[in-house]
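Understanding the architecture of this molecule
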Number of protein chains: 2
Amino acid sequence: MATVTASERREEARAAYNAFMKGCPTNQLLIRISDKWAGLLMAALKDGPQRYSDLGRRIAGVSQKMLTQTLRTLERDGLVERTVTPSVPVRVDYALTPLGESLAVLFSAVKDWAEEHIEEVVEARERYDAGAGTS
Amino acid sequence: MATVTASERREEARAAYNAFMKGCPTNQLLIRISDKWAGLLMAALKDGPQRYSDLGRRIAGVSQKMLTQTLRTLERDGLVERTVTPSVPVRVDYALTPLGESLAVLFSAVKDWAEEHIEEVVEARERYDAGAGTS
DNA sequence: CGGGATCCTTATGGATACTG
DNA sequence: CAGTATCCATAAGGATCCCG
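Owing to the predicted nature of the structure, the values given are computational and were not obtained by experimental measurement. All residue numbers refer to positions counted from 1 along the written sequence of the respective chain. Chains carry letters from A onward and ligands carry numbers from 1 onward, assigned in written order. Given that the model is predicted, a residue must reach a pLDDT of at least 70 before its local features are reported, and side-chain atom pairs must reach 80 or more before they are shown or counted; all residues, however, enter totals for whole chains, interfaces and linings. With hydrogens and water set aside, each side-chain value is computed from the structure's full complement of heavy atoms.

What to know about the interface of chain A and chain B
Residues are treated as being in contact if the distance between any of their heavy atoms lies within 4.5 Å. Taken together, the 42 residues of chain A in the interface contact 44 residues of chain B. Simply put, the buried area is the total loss of 1.4 Å probe accessible area from both parts when two parts are fitted together. In total, about 4200 Å² of surface goes out of reach between chain A and chain B, with carbon and sulfur atoms giving 72% of it. The term salt bridge refers to a pairing of a side-chain nitrogen on Lys or Arg with a carboxyl oxygen on Asp or Glu at a separation within 4 Å. Seen at the junction of chain A and chain B, the total is 4 salt bridges. Close ionic contact of R125(B) with D77(A) constitutes a salt bridge, the shortest N to O distance being 2.6 Å. In protein, a polar contact means a hydrogen-donor-capable atom and an acceptor-capable atom, both N or O and within 3.5 Å, with residues adjacent in sequence counting only if both atoms are side-chain atoms; elsewhere, any N or O pair within 3.5 Å suffices. The interface formed by chain A and chain B contains 8 residue pairs in polar contact (both at pLDDT 80 or more).

Structure below.
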């Protein structure tokens with residue numbers, strides 16, 4: 001496939017031009033890192049390296065599938081480091097990489113915002129729900 | 001008596017999950033801002049109040065369903081304000097509230113992180129994918 | 001113990017049609 | 001114009017079994 005590059009390029013260019021939204025790797029990354037379990041996982045890992053089963057016990061509610069899947073994604077993105085110790089019962093530890101820690105710091109900022117403004121949000125919801133049927 | 005088992009266990013698990021997150025509204029907020037369209041919408045609204053159809057045209061790719069749904073959620077949470085002007089063709093404007101703006105700022109911070117570290121992430125991925133099949 | 005593979009349920013999102 | 005309602009496709013997530 002070499003003859004079509006022109007139109008294909010144009011499509012691609014248009015998609016890239018709309019970097020404001022989908023197609024943009026940054027946005028993909030944003031969605032990735034704000035994954036349902038990724039945040040909790042990274043928050044848990046801020047306390048230091050932990051074993052697979054420890055994480056599973058600590059998060060309590062995550063399935064091993066999602067635990068593994070999320071861990072794999074984070075590892076692949078260079079946010080988490082996986083260390084295997086080939087002892088008799090295999091031992092695997094997970095830890096935040098420096099990159100992962102820098103992101104975890106940001107999560108903390110969001111966490112702070114949430115804790116600081118959650119009341120306002122809740123109040124807004126109550127106000128909204130109360131006035132829903134009112135005229 | 002077997003109408004449950006599976007669903008009951010799931011409920012139980014979810015209860016435990018909620019209990020674990022009780023003092024942690026952070027994740028709810030994280031999930032909220034990581035919504036597929038919420039981020040784009042708030043980013044778009046940073047340029048000032050805009051009409052429903054303008055937003056739909058600007059985001060271009062969002063369905064009315066998701067546009068309305070996301071807008072409603074943001075409004076309910078007190079992040080966005082909805083203003084109806086009962087003219088002949090009804091006019092509805094949406095704008096960020098101060099609360100919404102403060103969150104949009106945080107969102108930008110995360111976005112900045114993503115843009116700043118996207119290369120490292122991509123490199124990490126390539127490294128990971130390259131060594132995946134190696135033994 | 002750690003995790004791959006598989007099957008199944010549910011949440012999410014998009015297209016379409018209709019309304020005030 | 002600004003929605004609302006409905007149906008449908010897909011993806012996310014979870015339960016279970018099994019293996020190194």
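Now that the structure has been shown, we can carry on.
Focus on the relation of the copies chain A and chain B
When chain A is fitted to chain B, the residual RMSD is 0.7 Å, and the transformation amounts to a turn of 179° plus an axial shift of 0.1 Å. The two molecules are tied by a two-fold rotation axis, judged by turn and shift. Judged by C-alpha distance, S34(A) is the residue of chain A that lies nearest the rotation axis, at 3.2 Å. A shared binding surface is used by both copies, with 90% of the interface residues of chain A retained as interface residues in chain B. Copy-to-copy alignment: least squares on C-alpha atoms, limited to residues at pLDDT 70 or above in both.

Re the sheet that holds strand 1 (residues 50–51) of chain A
Paired strands, as defined in this entry, are two strands with at least two bridges between them according to DSSP. A run of H or I in DSSP counts as a helix once it spans at least four residues, and a run of E counts as a strand once it spans at least two, with each numbered from the N terminus. A sheet is described by the order of its strands in space; here 3 strands give the open sequence 1-3-2 (chain A), paired in antiparallel fashion. Two strands bound the open sheet, and with one partner strand each, they are strand 1 and strand 2 (80–85) of chain A.

Focus: the protein's contact with DNA strand C
If a single non-hydrogen atom of a residue is within 4 Å of a molecule or strand, that residue counts as near it. Surveying the vicinity of DNA strand C reveals 16 residues, the closest of which are Y52(A), S53(A), R82(A), K65(B) and M66(B). Interatomic distance of 3.1 Å between a side-chain N/O atom of Y94(A) and a phosphate oxygen of DNA strand C. Elements supplying a minimum of two residues to the surface near DNA strand C: helix 4 (52–59), helix 5 (64–76) and strand 3 (91–96) of chain A together with helix 5 (64–76) of chain B. Residue contributions to the surface near DNA strand C peak at 3 residues, all from helix 5 of chain B. In this count, Pro and Cys sit with the nonpolar residues alongside Ala, Val, Leu, Ile, Met, Phe, Trp and Tyr, while Asp, Glu, Lys and Arg are called charged and the others, Gly among them, polar. Split into classes, the residues belonging to the surface near DNA strand C amount to 6 nonpolar, 4 polar and 6 charged.

Things to note about the packing of helix 4 (residues 52–59) of chain B against helix 5 of chain B
Residue and element names in this part refer to chain B. Axes here refer to lines fitted to C-alpha atoms; in helices the fit is confined to the stretch in contact. Angles between the N-to-C directions go from 0 to 180 degrees. Put simply, helix 4 and helix 5 touch, their axes get as near as 11 Å, and they point 120° apart. On the basis of the axis angle, helix 4 is oblique to helix 5. The two elements helix 4 and helix 5 cross, and the hand of that crossing is right-handed. Residue-level contacts link Y52, L55 and G56 of helix 4 to Q64, L67, T68 and L71 of helix 5. Classifying every residue of the contact of helix 4 with helix 5 by side-chain character gives 4 nonpolar, 3 polar and no charged. These descriptions rest on fixed angle ranges, namely under 35 degrees for roughly parallel, over 145 for roughly antiparallel, 65 to 115 for roughly perpendicular, and the rest for oblique. By definition, any crossing whose near helix is turned counterclockwise from its far helix by less than a right angle is left-handed, and any crossing with a clockwise turn is right-handed.

Considerations on the protein's contact with DNA strand D
Near DNA strand D, the surroundings consist of 18 residues, among which Q64(A), K65(A), S53(B), R82(B) and Y94(B) are the closest. In DNA strand D, the atoms that sit within 4 Å of the protein are 66% sugar and phosphate, with bases accounting for the remainder. A distance of 3.2 Å is found between a sugar or linking oxygen of DNA strand D and a backbone nitrogen or oxygen belonging to V90(B). Contact between DNA strand D and Y94(B): a phosphate oxygen at 2.7 Å from a side-chain N or O atom of the residue. Counting only elements with at least two residues in the surface near DNA strand D, the list comes to helix 5 of chain A together with helix 4, helix 5 and strand 3 (91–96) of chain B.

Description of the sheet that holds strand 2 (residues 80–85) of chain B
Residue and element names in this part refer to chain B. The strand order across the open sheet formed by 3 strands is 1-3-2, and the pairing between neighbours is antiparallel. The sheet terminates laterally at strand 1 (50–51) and strand 2, the two strands that pair on one side only. Packed on one face of the sheet, helix 3 (residues 38–45) meets strand 1, strand 2 and strand 3 and runs near 95° to strand 3.

Details of the side chain of D77(A)
Within the fold, D77(A) resides in the loop between helix 5 and strand 2. A polar atom in the side chain of D77(A) sits 2.6 Å from the side chain of R125(B). With residues near it in sequence (within four places) discarded, D77(A) still touches L29(A), L99(A), V121(B), A124(B) and R125(B).

A look at the packing of helix 3 of chain B against helix 4 of chain B
All names here are of chain B. Direction vectors running N to C along helix 3 and helix 4 enclose 115°, while the axes themselves pass 11 Å from each other. For the pair helix 3 and helix 4, the crossing hand works out as right-handed. Facing helix 3, whose interface residues are L40, L41, A44 and L45, helix 4 presents L55, R58 and I59. The residue inventory of the contact of helix 3 with helix 4, partitioned by class, reads 6 nonpolar, no polar and 1 charged.

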